[in-house]
Amino acid sequence: MVEPERLTDDHVGRDCGRRCGRICVRCLDRMDGGLRTLLDLYRESDQALAPGAPVLRERVSGSRATVGIVLDERALALRTRASEVMALWARLVVDERTGARPAGRGVDALVGFLRGQLSWFAGHPAGADLDEELTELLADFRHLFGPGPVRRFALGPCTRPECAGTLHGVLPADGGDRVPDQVTCDAGHALPPRQWLLVASRIREAA
């Protein structure tokens, strides 16, 4: 008898889909967190489209006289691609599920709609493709707007019920800051700043 393949903790939807024909709960949870993060990054990218966004300009090497224009063009192209990708996936659901329809055409509505359809995508042949496209979009947003090299430090168990993941704080690699830029779970959850008090003692000890 052949022993079932053991999946690592960082496996993706295509791995579990290939193994049992469905995307597992852990991957769906990660995809849900990825969609929420994508929406956050999309909203933050609004700043790059406004003239004279000094913070974003400083994150890209080169002349300040030209960087703003280049970043605006790249941000606009990336935002357009994100909108188109979300719309295409929403269209797939609308075409194949009777009565399923997003509340609007904006990225906010499309992301909320897709989050509500993840359990359906779990058994759909294209579910793994959604996982991969989402991962690519997140990587591109982070590459364009990311703050540079960072270091991660464990903060203990995730505060979300029924989640076995571990929370990590993210700090700039230069070590100048003592408060993390973000607190995320390795299962894909992001802990909003308003909830950081729940892990404040862990942050102080680790940072």
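Residues numbered from 1 in each chain as written. Predicted model: local features only at pLDDT ≥ 70, side-chain atom pairs only at ≥ 80, totals over all residues. Heavy atoms only, no water.

Colleague: Which parts of the structure should I look at to understand the overall build of the protein?
Modeller: When helices and strands are counted, the protein shows nine helices and three strands. Going from N to C terminus, the protein has its helices and strands arranged as α-α-α-α-α-α-α-α-β-β-β-α. Look at the contacts in the protein between residues 6 or more apart in sequence, and 54% of them connect residues 24 or more apart. For the protein, the computed accessible surface area is about 12,300 Å², with 52% contributed by carbon and sulfur atoms. (Helix = DSSP H or I, 4+ residues; strand = E, 2+ residues; numbered from the N terminus. Contact = heavy atoms within 4.5 Å. Areas by Shrake-Rupley, 256 points an atom, 1.4 Å probe, with all protein chains shown as cover.)

Colleague: What exactly am I supposed to notice about the pattern of salt bridges here?
Modeller: In the structure shown here, the tally under the stated rule is six salt bridges. D32 is the partner of R115 in a salt bridge, and the nearest nitrogen-oxygen pair spans 2.7 Å. Of this pair, R115 sits in helix α6 (residues 107-116) while D32 sits in helix α2 (residues 25-44); the two residues are 83 residues apart in sequence, bridging distant segments of the chain. What you see here is one network of salt bridges that share partners, running through D32, R36 and R115. (Salt bridge = Lys/Arg side-chain N within 4 Å of Asp/Glu carboxyl O.)

Colleague: Mind showing me how you'd approach the packing of α2 against helix α8 (residues 127-145) here?
Modeller: The relative placement of two packed helices is expressed as an angle between their axes plus a distance between the axes. At a minimum axis separation of 10 Å, α2 and α8 run at an interaxial angle of 35 degrees. In this structure, α2 meets α8 at a crossing whose hand is left-handed. Residues R30, M31, G34, L35, T37, L38, L41 and Y42 of α2 pack against G127, L130, D131, L134, T135, L137, L138, F141 and R142 of α8. Taken together, the residues of the contact of α2 with α8 break down into 10 nonpolar, four polar and three charged. (Axes fitted to C-alpha atoms, helices over the stretch in contact; angles between N-to-C directions. Left-handed = near helix turned anticlockwise from the far one by under 90°. Nonpolar A, V, L, I, M, F, W, Y, C, P; charged D, E, K, R; others polar.)

Colleague: Can you walk me through the packing of aromatic side chains in this structure?
Modeller: The geometry of an aromatic ring pair is captured by the separation of the ring centres together with the interplanar angle, meaning the angle of the planes. In this structure the tally under the stated criterion is two aromatic pairs. Taking the centre distance of 5.7 Å and the plane angle of 75 degrees together, the rings of W89 and F121 count as edge-to-face. One end of the pair, W89, is in helix α5 (residues 64-96); the other, F121, is in helix α7 (residues 118-122), with 32 residues separating them in the sequence. Of the residues examined, W89 reaches a relative accessible area of 9% and is grouped as buried. (Phe/Tyr/Trp six-rings, centres within 6.5 Å; stacked < 30°, edge-to-face > 60°. Buried < 20%, exposed > 50% of the residue type's maximum accessible area, 1.4 Å probe, protein only.)

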